[in-house]
Amino acid sequence: MKKNATIVYSIKRSFVKSDISILEALDYNVFQIQSRPKKTLMSFIINRIKEKIKSIFYVSRSKIVIIWFNDYHAFIPIFFSKLFFKKSVIIVGGYDAIVDKQNKHGLFFKKGIRSALAKINYSLVSEIWVVHKSLEKGCEYAKEKFNIISGVRSFTNNKKLLIKEINTGYDTRFWDYDRNNEKIGVLTAAYFSDERVINIKGLKIFNELASLLPDIPFTIAGETKIQIDKFINLNPNVNVLGVQTRIQMKQLYQNNKFYFQGSRLEGLPNSVCEAMLCGCIPIGSKVFGIPDIIGNTGILFDNENDLVKVKDFMLSGIGDKDSKKARNRIISKFDISRRIEKIKENLE
């Protein structure tokens, strides 16, 4: 007889879908509780009512409750998991373990009901799974460089809190390296929905790098709700695309030679791993999980002063051997099979 698991989330991102597939592959029947982020009071109340009803029916019948990200949507399922003596887990991905004062970003940026409830969630949950170890105790480099407070333990006094590092995993068969494609250009991607995201993801540095390499095409993927060129005077060799499908992103990764991740804060960015699997050479900032992803397969930079060094690296005759090296690093460290094994170990 199949066991049951409940997974809770606000937006059904690729990593949520992946975990649902993992649980099903491990012979679990998966119940889903989705609470889409809404801004009206009525929709907020409706979300909480739905969570209560579904928690009564789903959590009571489940062996484990897994919640992607800490926020309002986590409290009621965790409460019922305690009531029904079920194991509960919050997966921390980044936003729920940082405070970026400059960009007014992070779950704990404002003191109020939301942040207080998030702390209660951390105190009640059975376990916390962080996608990268820096989200447990914090990233010292981000603290020194950007004054970013980070790490779950920075926001709770519960020293007995059980925190485990379980990295996200990637389908190395889907994200493949097509050696027949002529790779040229530099790509960066995210959901660029407001000026804050532009700042967090380092688009100004991306644009500065483009100015040093005017003959190389640079591409920004993921513009939504805003026009990036209203905030940045983009160089002529910088092209902007809207939000892309999974297939479209794969094609972009395969067509571009370099992938740029200039973030000031992150967890373990999916796009860097996907790009490297498709043969992109990574260029990244030294924060959170980015150095662990890149290793010695690309280049890390400190700030704008390093861009000449980055330019020289890009022009240094990088080829197929380097692309395969980048791909092989992700296969060895972040293949989906590793996450499956970790989740399997921790379902008991």
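Scoring rules and cut-offs
- Residues numbered from 1 in each chain as written.
- Predicted model: local features only at pLDDT ≥ 70, side-chain atom pairs only at ≥ 80, totals over all residues.
- Heavy atoms only, no water.
- Axes fitted to C-alpha atoms, helices over the stretch in contact; angles between N-to-C directions.
- Helix = DSSP H or I, 4+ residues; strand = E, 2+ residues; numbered from the N terminus.
- Parallel < 35°, antiparallel > 145°, perpendicular 65-115°, else oblique.
- Left-handed = near helix turned anticlockwise from the far one by under 90°.
- Contact = heavy atoms within 4.5 Å.
- Nonpolar A, V, L, I, M, F, W, Y, C, P; charged D, E, K, R; others polar.
- Buried < 20%, exposed > 50% of the residue type's maximum accessible area, 1.4 Å probe, protein only.
- Polar contact = N/O pair within 3.5 Å; in protein donor to acceptor, adjacent residues only side chain to side chain.
- Pairing = 2+ DSSP bridges.
- Core = buried A, V, L, I, M, F, W, Y, C linked by side-chain atoms within 4.5 Å.
- Arc of directions from axis to C-beta.

A. How the structure looks around the packing of helix 1 (residues 14-25) against helix 14 (residues 336-346). For the pair helix 1 and helix 14, the least separation of the axes is 10 Å and the interaxial angle reads 60°. By the angle between their axes, helix 1 is oblique relative to helix 14. Seen from above, helix 1 lies across helix 14 with right-handed handedness. Contact residues: helix 1 offers Ser18, Asp19, Ile22 and Leu23, while helix 14 offers Ile336, Arg339, Ile340 and Ile343. For the contact of helix 1 with helix 14, the per-class residue count stands at five nonpolar, one polar and two charged.

B. Representation of the packing of helix 2 (residues 41-58) against helix 3 (residues 72-83). Between helix 2 and helix 3, whose axes approach to 9 Å, the crossing angle comes to 25°. Between helix 2 and helix 3, the interaxial angle falls into the category roughly parallel. As helix 2 packs across helix 3, the resulting crossing turns out to be right-handed. Note on element contacts: helix 3 touches helix 2 through Tyr72, His73, Ile76, Pro77 and Phe80, opposite Phe44, Arg48, Glu51, Lys52, Ser55 and Ile56.

C. Here's a closer look at the side chain of histidine 73. Here histidine 73 is to be found in helix 3. Residue histidine 73 is classed as buried on the basis of its relative accessible area, which comes to 5%. From its side chain, histidine 73 meets the backbone oxygen of tryptophan 68 in a polar contact 3.0 Å long. At 3.1 Å, the side chain of histidine 73 and the backbone oxygen of phenylalanine 69 are in polar contact. The contacts of histidine 73, once residues within four sequence positions are left out, are Val8, Tyr9, Ser10, Ser35, Arg48, Glu51, Ile67 and Trp68.

D. Representation of the sheet that holds strand 10 (residues 218-223). Strand order in the open sheet formed by six strands is 11-10-9-12-13-14, and the pairing between neighbours is parallel. Each edge of the open sheet carries a strand with a single partner, namely strand 11 (238-242) and strand 14 (299-301). This sheet shows a mean twist of 25° between the axes of neighbouring strands, independent of strand direction. Helix 8 (residues 203-212) rests against strand 9 (186-192), strand 10, strand 11, strand 12 (258-261) and strand 14 of the sheet, and its axis sits at about 155° to strand 10.

E. The nonpolar core, seen in detail. Counting 78 residues, the largest nonpolar core has Val92, Ile128, Val152, Tyr253 and Phe288 as the members making the most contacts within it. Setting aside its immediate chain neighbours within four residues, valine 152 contacts Val92, Ala97, Tyr122, Ile128, Val130, Leu135, Glu136, Leu161 and Ile163.

F. Layout of the sheet that holds strand 3 (residues 64-68). Ordered by their spatial adjacency, six strands build an open sheet running 2-1-3-4-6-8, and the pairing between neighbours is parallel. In this open sheet, the two strands that pair with only one neighbour each are strand 2 (28-34) and strand 8 (163-165). Strand-to-strand, the axes of this sheet are offset by a mean angle of 25°, without reference to chain direction. Bridge analysis of strand 4 (residues 87-92) against strand 6 (residues 127-130) gives four bridges, and the strand direction is parallel. If you follow isoleucine 90 over to strand 6, its bridge partner there is isoleucine 128. Strands strand 1 (3-9) and strand 2 of the sheet are contacted by helix 2, whose axis makes an angle of about 165° with strand 2. Lying on the sheet, helix 3 is in contact with strand 1, strand 3 and strand 4; it crosses strand 3 at an angle near 165°.

G. Up close: the environment of asparagine 235. With respect to the helices and strands, asparagine 235 occurs in the loop between strand 10 and strand 11. Between the C-alpha atom of asparagine 235 and that of phenylalanine 57, which follows or precedes it by 178 residues, the distance is 55 Å. Those residues in contact with asparagine 235 that lie beyond four places of it in its chain are Asn207, Ala210 and Ser211. Only 2.8 Å separates the side chain of asparagine 235 from the backbone oxygen of asparagine 207, close enough to count as a polar contact.

H. Quick look at helix 12 (residues 307-314). Where helix 12 is concerned, the buried positions are Leu307, Val310 and Met314. All buried residues of helix 12 fall inside an arc of 55° around its axis, so they share one side. The secondary structure elements touched by the buried residues of helix 12 are strand 9, helix 8, strand 10, strand 12, strand 13 (281-285) and strand 14.

I. The arrangement of the environment of leucine 117 in detail. Within the secondary structure, leucine 117 sits in helix 4 (residues 113-124). With 175 residues separating them along the chain, leucine 117 and aspartate 292 place their C-alpha atoms 32 Å apart. Setting aside residues up to four positions removed in sequence, leucine 117 forms contacts with Tyr72 and Phe75.

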